[in-house]
Amino acid sequence: MGDGSSCSSNTTQFLREFYIPDYIIDSEAAIQDMSYFPECPVMVFINSKSGGQLGGDLLSTYRMLLNSAQVIDLGADAPDKVLHKVYANIERLKANDDSLAFHIEQKMRLIVAGGDGTAGWLLGVVCDLKLAQPPPVATVPLGTGNNLPFSFGWGKKNPGTDRDSVKSFLKQMKDAKEMRIDSWHILMRMKAPAEGACDPIAPLELPHSLHAFKRVSHTDSMSEYGYHTFRGGFWNYFSMGMDAQVSYAFHSERKLHPEKFKNQLANQKHANHVEKEEEEHTMYVEKPQEEEKTTGSSNLGAQPQP
């Protein structure tokens, strides 16, 4: 019994290093008098629809171990609204000389669990906030390809969702070194048709990872006569042509039939099937439009120590 009590005490001591109290997150919550400052306060963003059933299971485990208010389901709350609210509240508390608010702003890290698109979505939100000290972001490989987590050393395999697996990831995140990741800006010009418009046809949905993607006005310095110009940004990779068509078909099928996408292996097999179908039904009738890419601002990522 003594060993079990000691183990529970050690777990509580470990988890408090990541804890963020309600009043930091919610401006309406009562201010708490904290006897300690967490060493690695963290906000967790989980795409509950990623990884088949894994996203929901991971969400439940994180909420069981941490303050549920600091664990966000991206299916219910958009990260831009959440982080705008949190950082606005931190500024308000700092104006009242709240020492914990100063500490959390300096030490906070983010965890994002999902695919490459989800990770890019959160990175874009952090970039758009234009913070003096942007928080590092650790990526949990919960998607199908997981190229971004793999590039930063977090692997490609979907994670375990039990308590021990989550605690292990928290420790890795706490010990991780910070690295910078390039943000890419993209400028696309499409020749204006003689008649009609070339705006995207509804209900086309641009991915969240293409943050700030919009058509520039005719008075913009990047506008060019005879062309429609679009400007945006992305983080990991940007696809055009067949690759983009296959990815979009896979995304659309997953939205329509989520029951078919229960695990990473099944998702990869289904992606290969979609790719073959698209190849069989695609005809190439004209060359791709012009594309320019330039590196832009950078952001912080978190990489596990070797």
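Predicted, not measured: the structure shown is a model, and the values here were computed from it.

Caption draft 1: Spatial organisation of the overall build of the protein chain. Helix and strand content of the protein chain: ten helices and eight strands. Put simply, the protein chain has 306 residues, and 43% of those count as buried. At a minimum sequence separation of 6, the contacts of the protein chain that also span at least 24 residues come to 75%. Per element, the accessible surface of the protein chain, about 17100 Å² overall, is 51% carbon and sulfur.

Caption draft 2: The pattern of salt bridges, seen in detail. Counted by the stated rule, this structure contains six salt bridges. With a closest N to O distance of 3.5 Å, Lys174 and Glu39 form a salt bridge. Separated by 135 residues along the polypeptide, Lys174 in helix α8 (residues 163-175) and Glu39 in the loop between α2 (22-25) and β1 (42-46) bring together distant segments of the chain. Members of the salt-bridge network, linked through shared partners, are Glu91, Lys94 and Glu105.

Caption draft 3: Quick peek at the packing of aromatic side chains. Within this structure, the stated rule accounts for two aromatic pairs. A centroid spacing of 5.1 Å and a plane angle of 70 degrees characterise the contact between Phe14 and Phe18, whose relative ring orientation is edge-to-face. Residue class for Phe14 comes out partly exposed when judged on its relative accessible area of 24%. Ring centres 4.9 Å apart and planes at 40 degrees place the aromatic pair Trp154 and Phe169 in the tilted group. Placement of Trp154 in the loop between α7 (147-151) and α8 and of Phe169 in helix α8 is noted, with a sequence separation of 15 residues between them.

Caption draft 4: Summary view of the pairing of strand β7 (residues 227-234). Across the eight residues that make up β7, a large majority, six, are buried. Judged from the eight bridges that link them, strand β5 (residues 177-191) and β7 form a sheet pairing that is antiparallel. Among the inter-strand pairings, Leu187 is bridged to a residue of β7, identified as Arg231.

Caption draft 5: Spotlight on the side chain of Thr118. One can find Thr118 in helix α6 (residues 116-129). Thr118 gets classed as buried once you look at its relative accessible area, which sits at 8%. A polar side-chain atom of Thr118 sits 3.1 Å from a polar atom in the side chain of Asn47.

Analysis parameters
- Residues numbered from 1 in each chain as written.
- Predicted model: local features only at pLDDT ≥ 70, side-chain atom pairs only at ≥ 80, totals over all residues.
- Heavy atoms only, no water.
- Helix = DSSP H or I, 4+ residues; strand = E, 2+ residues; numbered from the N terminus.
- Buried < 20%, exposed > 50% of the residue type's maximum accessible area, 1.4 Å probe, protein only.
- Contact = heavy atoms within 4.5 Å.
- Areas by Shrake-Rupley, 256 points an atom, 1.4 Å probe, with all protein chains shown as cover.
- Salt bridge = Lys/Arg side-chain N within 4 Å of Asp/Glu carboxyl O.
- Phe/Tyr/Trp six-rings, centres within 6.5 Å; stacked < 30°, edge-to-face > 60°.
- Pairing = 2+ DSSP bridges.
- Polar contact = N/O pair within 3.5 Å; in protein donor to acceptor, adjacent residues only side chain to side chain.

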